[in-house]
Amino acid sequence: MTVSRSHGAERPGASGRANAIAYLVAGAFFMENLDATVIVTALPQMAESFGVQPVDLNIGVSAYLLTLAVLIPVSGWVADRFGARTVFGGAIVVFTLASILCGLSQSLGAFTAARILQGAAGAMMVPVGRLIVLRNTAKEDLIRTIATITWPALVAPVLGPPVGGFITTYASWHWIFFLNVPLGLIGLALAWRLIPAGGGGAARPFDGLGFVLTGLACFGLMYGLDLVSREDGAWPGALACLAVSLVLAVLAVRHARRAEHPMLDLWALRLRSFAVTIWGGSLFRMAINAVPFLLPLMFQIGFGLDAFQAGLLVLAVFAGNLTMKLVTTRVLRRFRFRTVLLVNGLLNALTLFACAFLTPATPFALIAALLFLSGLTRSMQFTALNTIAFADVPQPRMSGANTLFNVTQQMAMGLGIALGALALRLAGLLHDGPAGPTPLVDFQIAFVVVALVALLAVIDVVGLGRDAGDNVRAATAR
């Protein structure tokens, strides 16, 4: 059997270059993902600096995520039009400059504007970076490469709050953003050295209507979810926003199916190996993204631990992520994707369900062991889904598939936070109690809800063919 290679993997030494590109893109992903979560613990100090209330800083967090949601759909077209290296390098430059502006901000308005600029850069940096990796990686290297670029999405949400708290406590909140400057300069230099030039000028015609419909649908969904996740969020406004976004999404899908050159190419959904990462994969990402939201709150409010103790316990998830990375490639070479996704997915759902039985009397060692196991299973599931997504996608369709994948992944992240908040609210409605801190039972009910969502994700895998992704495993074994 002839192993198919991308054009970037045919030259001598291309495998080493592909590895270097994967680490470069992983570093950029980590910078972007970390920046989205690191400011959470710095909000009180930032609010004091700007002369506003901490809750007012939510606009800075929301503006970043909303900009990502609107602009990610256009990333594939921009990369095809101007060249992936140019867009990726330009995104690093803009992200770094926006970070400087964030650190220099003297008011909430200036900070919000800088965060919007950061979001615009992140919307190009992450999808285009993944596209560069896919275009420059041979089939036999795909499992290992996807494992490399997957870890930032797993690690950053866990490390973000404690890193932000450490910087804020021992330095100043400004350094959260200034630390991106040396990282950005190094990333830009490596991008120009490692990523092949060319590829610009061949973009399909710009789909203006598709961009408007898709962008507004994503904006409405993310804004509605943001309203749901806020403690003072208004339910009527949130539900109205979500309803409008649903209508726009239906119109966007209808347009994409009829347009000759749609902004959001749905062709890859014909492939079962790709579709399972969109439907069931989104449910899985929702579940695991609810965990970093629920765990610290449960440990602090339900268990009475301080922020430092809660952070140390949550770091057990991070340890599990890193440990699984050492054996992910070997496991995926040894077992079929369907088997891994079913067995590991069930284990992941069980670890989430087990979190519902944690109490302040549970020994810390047992809690840490459970969270470590949860980190192991979420890392494996994440990598397996991200790898099989592109196993059967032909190279001419890679840009469209990559854009669709990144859009749904971003939406799932927002849905995860909203899922945690909504589960807590629904749990509170099940019993009448005095106003005050959220009782432990509400967190336990919320984890049951999250575990059920993770279980639904596993059910979707049942329909996956036994030989799905075998072309990647076979290429890897050669």
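Parameters and conventions
- Residues numbered from 1 in each chain as written.
- Predicted model: local features only at pLDDT ≥ 70, side-chain atom pairs only at ≥ 80, totals over all residues.
- Heavy atoms only, no water.
- Helix = DSSP H or I, 4+ residues; strand = E, 2+ residues; numbered from the N terminus.
- Buried < 20%, exposed > 50% of the residue type's maximum accessible area, 1.4 Å probe, protein only.
- Contact = heavy atoms within 4.5 Å.
- Areas by Shrake-Rupley, 256 points an atom, 1.4 Å probe, with all protein chains shown as cover.
- pLDDT = per-residue confidence, 0-100.
- Expected span 1.5 Å × (residues − 1).
- 1 Å grid on protein atoms, 1.4 Å probe; cavity = no way out; pocket = protein on both sides within 12 Å on 5 of 7 lines; lining within 4 Å.
- Points joined across faces, edges and corners; volume = space filled by probe spheres on them.
- Nonpolar A, V, L, I, M, F, W, Y, C, P; charged D, E, K, R; others polar.
- Phe/Tyr/Trp six-rings, centres within 6.5 Å; stacked < 30°, edge-to-face > 60°.
- Lys NZ or Arg CZ within 6 Å of the ring centre and 35° of its normal.
- Lys, Arg positive; Asp, Glu negative; His and termini not counted.
- Salt bridge = Lys/Arg side-chain N within 4 Å of Asp/Glu carboxyl O.
- Core = buried A, V, L, I, M, F, W, Y, C linked by side-chain atoms within 4.5 Å.
- Axes fitted to C-alpha atoms, helices over the stretch in contact; angles between N-to-C directions.
- Parallel < 35°, antiparallel > 145°, perpendicular 65-115°, else oblique.
- Left-handed = near helix turned anticlockwise from the far one by under 90°.

1. Observations concerning the overall build of the protein chain
Here is step 1: Along the backbone of the protein chain there are 19 helices and 0 strands.
Here is step 2: Relative to its 478 residues, the protein chain shows a buried fraction of 56%.
Here is step 3: The long-range fraction of contacts in the protein chain, counting pairs at least 24 apart against all pairs at least 6 apart in sequence, stands at 85%.
Here is step 4: Of the roughly 19,800 Å² that the protein chain leaves accessible, carbon and sulfur atoms contribute 68%.

2. Some details on the confidence of the model for the protein chain
Here is step 1: On average, the protein chain scores 83 in pLDDT, and the residues at 70 or more come to 90%.
Here is step 2: Here helix H19 (residues 470–477) is the element of the protein chain with the lowest mean pLDDT, 62, and helix H15 (residues 337–354) is the one with the highest, 95.
Here is step 3: For the stretch residues 1–12, pLDDT sits under 50, and the model shows 26 contacts to residues farther than four places along the chain or on other chains.

3. As for helix H16 (residues 364–388)
Here is step 1: For H16, with 25 residues, the first-to-last C-alpha span of 36 Å sits near the 36 Å given by 1.5 Å per residue.
Here is step 2: Burial within H16 is extensive, with 18 of its 25 residues counted as buried.

4. Some points on empty space enclosed by the protein
Here is step 1: As enumerated under the stated definition, the model contains 2 cavities of 30 Å³ or more in all.
Here is step 2: Around the second largest cavity, the lining residues are Ala147, Thr150, Trp151, Leu154, Asn321, Lys325, Thr328, Ser379 and Thr383.
Here is step 3: Where the lining of the second largest cavity is concerned, the elements lending two or more residues are helix H7 (142–170), helix H13 (307–325) and H16.
Here is step 4: Sort the elements by how many residues they give to the lining of the second largest cavity and H7 lands first, with 4 residues.
Here is step 5: Grouping the constituent residues of the lining of the second largest cavity by class yields 3 nonpolar, 5 polar and 1 charged.

5. Focus: the packing of aromatic side chains
Here is step 1: Enumeration according to the criterion identifies 13 aromatic pairs in this entry.
Here is step 2: With centroids separated by 5.5 Å and ring planes inclined at 75 degrees, the aromatic side chains of Phe50 and Trp173 adopt a geometry described as edge-to-face. Separated by 123 residues along the polypeptide, Phe50 in helix H2 (residues 43–50) and Trp173 in the loop between H7 and helix H8 (174–178) bring together distant segments of the chain.
Here is step 3: Each ring, one from Phe219 and one from Tyr223, has its centre 6.1 Å from the other, and the planes form 10 degrees; the classification is stacked. Taken together, the positions of Phe219 and Tyr223, both in helix H10 (residues 208–229) and 4 residues apart, correspond to about one turn of that helix.
Here is step 4: Residue Tyr223 is classed as partly exposed on the basis of its relative accessible area, which comes to 32%.
Here is step 5: Joined through ring pairs, the aromatic side chains of Phe50, Phe111, Trp173 and Phe177 make up one cluster.
Here is step 6: Cation over ring: Arg81 sits above Phe82, and NZ or CZ is 5.0 Å from the ring centre.

6. Describing the side chain of Asn180
Here is step 1: With respect to the helices and strands, the residue Asn180 is situated in helix H9 (residues 180–194).
Here is step 2: What Asn180 contacts, discounting residues up to four positions off in sequence, is Met31, Asp35, Phe95, Thr96, Ser99 and Gln118.

7. A few points about the side chain of Arg85
Here is step 1: On the secondary structure map, Arg85 appears in helix H5 (residues 84–104).
Here is step 2: Among buried charged residues, Arg85 stands out as having no salt bridge; its nearest opposite-charge side chain is Asp80, 14 Å away.
Here is step 3: Dropping the residues within four chain positions of it, Arg85 is found in contact with Ile132, Ala191, Trp192, Ile195, Pro196 and Ala197.

8. What about the nonpolar core?
Here is step 1: In this structure, Phe88, Met125, Ile149, Phe274 and Phe390 are the most contacted members of the largest nonpolar core, which totals 83 residues.
Here is step 2: By residue number, the principal contributor to this core is helix H6 (residues 108–135), which donates 10 residues.
Here is step 3: Among all residues touching Phe274, those that are not within four sequence positions of it are Ala268, Leu269, Ala389, Phe390, Val393, Ala401, Leu404 and Phe405.
Here is step 4: Counting residues in each nonpolar core, the second largest holds 35 residues, with Leu305, Val317, Ala349 and Leu352 among its members.

9. Here we look at the packing of helix H17 (residues 398–429) against helix H18 (residues 440–461)
Here is step 1: Here H17 crosses H18 at 130 degrees, and the two axes come no closer than 8 Å. On the basis of the axis angle, H17 is oblique to H18. In this structure, H17 meets H18 at a crossing whose hand is right-handed. Between H17 and H18, the residues in contact are Leu419, Ala423, Leu424, Ala427 and Gly428 and Asp442, Phe443, Ile445, Ala446, Val449, Val450 and Val453, respectively.
Here is step 2: Looking at the contact of H17 with H18 residue by residue, the class counts come to 10 nonpolar, 1 polar and 1 charged.

10. A look at the packing of H6 against H17
The angle between the axes and the distance between the axes are what describe a pair of packed helices.
Here is step 1: H17 packs onto H6 with a crossing angle of 140 degrees between their chain directions and a minimal axis gap of 10 Å. On the basis of their axis angle, the class for H6 and H17 is oblique. Handedness of the H6/H17 crossing: right-handed. Taken together, the residues of H17 that come into contact with H6 (itself represented by Val126, Pro127, Arg130, Leu131, Leu134 and Arg135) are Met398, Ser399, Asn402, Phe405, Asn406 and Gln409.
Here is step 2: When grouped by side-chain class, the residues that make up the contact of H6 with H17 number 6 nonpolar, 4 polar and 2 charged.

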